[in-house]
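# Geometric and topological summary
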Amino acid sequence: MTRCFGDRATFAVEIGKIESRALRVVDLWLAGKRLTVDDNSAFVPFFLRIMRSSAAEVRRRDVKPCPFPGRTPEQIFWLLHADETELREQFWFMQWGETVDNLLKYAYLDDDLVIVFQFWRATHPSPEDLGKVFVARIPPDEFVATVEEAADLLDAEFAAVDPPL
């Protein structure tokens, strides 16, 4: 049975079937788009660590503020993407391994957590999405709650499948 945390229209984590002791189906959604179209098999020990790290970063408001005030999120995406200094690396977000390596994604705080992203692989199943920049705006506390609730379920179920010695 799939469990959904959050709202697909903004941000959601869907926890699906157990594939093996350490692999679990996890689908991620932002702005109504499923991100995990190429790989939705998460290696649970790594995935838990990186999810919780992102949640903690947002909870502490360690996400940088808008780098280009007065610009649209789409313009900000393109300015960051074109940057050849280390500026854009400061805005990388949700570096959650192979599940989302089909995306270019940046985030900043502008009251809400703003995540701008683009699918880049030519094999993307929805060719009409290629070249478009998508924008998700999420209250930071909502992002944190969604990630932590999903991580808690993954953690509890992983412990049940692979109990500590």
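Here is what the cut-offs are and how they apply
- Residues numbered from 1 in each chain as written.
- Predicted model: local features only at pLDDT ≥ 70, side-chain atom pairs only at ≥ 80, totals over all residues.
- Heavy atoms only, no water.
- Patch = residues over 30% accessible without salt bridge, like charges linked within 9 Å, V, L, I, M, F, W, Y side chains within 5 Å.
- Areas by Shrake-Rupley, 256 points an atom, 1.4 Å probe, with all protein chains shown as cover.
- Salt bridge = Lys/Arg side-chain N within 4 Å of Asp/Glu carboxyl O.
- Helix = DSSP H or I, 4+ residues; strand = E, 2+ residues; numbered from the N terminus.
- Polar contact = N/O pair within 3.5 Å; in protein donor to acceptor, adjacent residues only side chain to side chain.
- Contact = heavy atoms within 4.5 Å.
- Phe/Tyr/Trp six-rings, centres within 6.5 Å; stacked < 30°, edge-to-face > 60°.
- Buried < 20%, exposed > 50% of the residue type's maximum accessible area, 1.4 Å probe, protein only.

Side chains of L23, F43 and F46 sit close together on the surface and give an oily, nonpolar patch of about 250 Å² of accessible area. Inspection of the secondary structure assignment puts L23 in strand β3 (residues 23–30).

Turning our attention to the side chain of Q118. Mapped onto the secondary structure, Q118 falls in strand β7 (residues 112–119). Within the structure, Q118 has its side chain in polar contact with the backbone oxygen of G131 (distance 3.3 Å). Once you skip the residues sitting within four places of it in the chain, Q118 turns out to touch F77, W78, N102, L103, L104, G131, K132 and V133.

What follows deals with the packing of aromatic side chains. Scanning the entire structure with this criterion turns up 8 aromatic pairs. Between F93 and F143 the ring centres are 5.5 Å apart and the planes differ by 50°, which places this aromatic pair in the tilted class. Of the two residues, F93 is situated in the loop between α2 (73–82) and β6 (103–110) and F143 in helix α3 (residues 140–161); the sequence distance between them amounts to 50 residues. Taken individually, F93 and F143 each receive the classification buried, so the pair is uniform in this respect. Within the aromatic cluster, the residues linked to one another by ring pairs are F11, F93 and F143.

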